[in-house]
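The chain contents come next:
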Amino acid sequence: MRGPFSRAATATAVLSAALAALLSCPAPAGAAAPATAAGHGAHLYTPEPNPDALRQVVGLARQGRFRDAAGVAAMVATPQAVWFGDQSPAQVERMTRDVVRDAARSRSTPVFALYNIPGRDCANYSAGGAANTAEYRAWIDAVARGLGRSEALVVLEPDALALLPADCGQDDAEGTKTAARYTEVNYAVDTLGPLGGTRVYLDTGHPGWHTVSSIVPRLIKGGVTRAAGFYTNASNYNTDDANSWYGTLISSCIAYATRGGDSADCPDQWWPRADAQEWLDTHVHVPASRMPHYVTDSSRNGRGPWVPPTGTYPDPQDWCNPPDRGLGARPTLRTGDPLQDARLWIKTPGESDGLCLRGTDGPEDPERGTVDPDAGDWFPEQALELVRYANPPLL
């Protein structure tokens, strides 16, 4: 995935404010969010945007489409995660250090999405990552040196636990690659977690994927009890309500299972909520301060998941550049939920999920009638959709 520049998006914020002034609009929403935890920065960090996003803003302004230009500018000027993956150890150490120093100057907390696990994305659209466990360990060591004792949230390896090598037919009969995956995740937890200001969160996929009882054993095996907790909905579209309920169920099930219970007994997200809540009230009596916490991704969930037309595509790929989605609620460290540490924009909104063919021969995305950009490249059409359908509105 694309990494950011090492300086905050000052030019973008200025351009956004100028365009907003032309429109007699308020300043862009979501540029800062108060922290609730002592010691954390006063707000979340905004990385330098994709250069193609700035080109789109300038192009829209030159066309006289000032409201669209202001919307895209406000979107990229909103705090969001810094993605690192594929860099050499020397590069990622330097880039991490640059970000934490830049964040310290603005008293903000950066969010890092680390995406370099061997065999990531099951060699699909975002294929890549370290060649082996030893290489991955060296890379994580470099990230740790870059972080030092600075304040940071780490979203560790999207899909690392929700999409194991065994899930996509990449493993051997002995489960060698899946075992290595757990070794790698645990190493990252044990290397990054003890750093003075770093909070590490592990992958759950999203509420429409794994059941609570299936993902909890993976989290426990991945070291979640030694991490700050877990995250859900990274790069997906589930609603805040679905994400927070899923997070509550997972956190409760981890607490139950690590105290001798069987995770298979835990209520899943598909249970009637009243029944699930009754089970929690009966079986889980652990204060929130002693349970794993979670963070969620609201970058593109303003309209919830896309429902593909029935029977239209062999493989609808509802996760892949779905049409007419909107930005979700702005990132914040103040959620009002003792189990939820933050609502974040983990996925960089406006960047493509990849070449979405939906089971057809392509090369066009049949739902859009265009060839989608490669994963991580800027997608101007989608960027405008996210702004126009934002909920709550961006401008």
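Our subject is the structure that appears above.
Conventions and cut-offs
- Residues numbered from 1 in each chain as written.
- Predicted model: local features only at pLDDT ≥ 70, side-chain atom pairs only at ≥ 80, totals over all residues.
- Heavy atoms only, no water.
- Buried < 20%, exposed > 50% of the residue type's maximum accessible area, 1.4 Å probe, protein only.
- Helix = DSSP H or I, 4+ residues; strand = E, 2+ residues; numbered from the N terminus.
- Pairing = 2+ DSSP bridges.
- Right-handed = clockwise from strand over helix to strand, strands pointing away.
- Disulfide = S-S within 2.5 Å.
- Axes fitted to C-alpha atoms, helices over the stretch in contact; angles between N-to-C directions.
- Parallel < 35°, antiparallel > 145°, perpendicular 65-115°, else oblique.
- Contact = heavy atoms within 4.5 Å.
- Nonpolar A, V, L, I, M, F, W, Y, C, P; charged D, E, K, R; others polar.
- Core = buried A, V, L, I, M, F, W, Y, C linked by side-chain atoms within 4.5 Å.
- Patch = residues over 30% accessible without salt bridge, like charges linked within 9 Å, V, L, I, M, F, W, Y side chains within 5 Å.
- Areas by Shrake-Rupley, 256 points an atom, 1.4 Å probe, with all protein chains shown as cover.
- Salt bridge = Lys/Arg side-chain N within 4 Å of Asp/Glu carboxyl O.
- Polar contact = N/O pair within 3.5 Å; in protein donor to acceptor, adjacent residues only side chain to side chain.

Student: Got a sec to walk through the pairing of strand β5 (residues 152-156)? Specific residues and values, please.
Tutor: Of all five residues in β5, five are buried; the element is thus mostly enclosed. Side chains A152, V154 and L156 of β5 all project onto a buried face; the interleaved residues L153 and V155 project onto the opposite face, where all are buried too. Bridge count for strand β4 (residues 111-114) against β5 is four bridges, and the pairing is parallel. Counterpart to L114 in the pairing with β5 is L156. In the classification by handedness, the crossover that spans β5, the intervening helix α6 (residues 176-192) and the parallel strand β6 (residues 198-203) is right-handed.

Student: So, the state of the cysteines: which residues are in play, and what are the values?
Tutor: By the definition in use, this model includes three disulfides. The side chain of C122 participates in a disulfide bridge whose partner is C168; the two sulfur atoms lie 1.9 Å from each other. In this structure the cystine formed by C122 and C168 twists about its S-S bond by roughly -80 degrees; its chirality is therefore left-handed. Here C122, found in the loop between β4 and α5 (133-147), pairs with C168, found in the loop between β5 and α6; they are 46 residues apart in sequence, far enough to count as distant. We classify C168 as partly exposed; its relative accessible area is 30%.

Student: Would you mind going over the packing of α6 against helix α7 (residues 212-222) in detail, with residue names and values included?
Tutor: Put simply, α6 and α7 touch, their axes get as near as 8 Å, and they point 60 degrees apart. Taken together, the axes of α6 and α7 are oblique relative to one another. In contact with Y182, V185, N186 and V189 of α6, α7 contributes R218, K221 and G222. In the contact of α6 with α7, the residues fall into three nonpolar, two polar and two charged.

Student: Can you explain the nonpolar core? Please cite residues and give values.
Tutor: Formed by 57 residues in total, the largest nonpolar core has its most connected members in F112, L114, L156, L192 and L202. A total of eight residues in this core trace back to one element, the largest contributor, which is helix α8 (residues 240-257). Apart from the residues lying within four places of it in its own chain, the contact partners of L192 are L114, I140, V143, A144, L147, V154, T198 and V200. In this structure, V72, M75, W378 and L386 belong to the second largest nonpolar core, which totals 18 residues.

Student: Give a description of a nonpolar patch on the surface that names residues and reports values.
Tutor: Taken together, the side chains of Y125, W319, L355 and V371 make up a nonpolar region of the molecular surface, amounting to roughly 340 Å² of accessible area. Mapped onto the secondary structure, Y125 falls in the loop between β4 and α5.

Student: Could you give me a rundown of the side chain of T191, with the residues and numbers involved?
Tutor: Tracing the chain through its elements places T191 in helix α6. Here Y187 takes part through its backbone oxygen, which lies 2.7 Å from a polar atom of the side chain of T191. If we ignore the near neighbours within four places in the chain, the residues touching T191 are I140, D141 and A144.

None of the figures reported here should be taken as evidence of function without further support.
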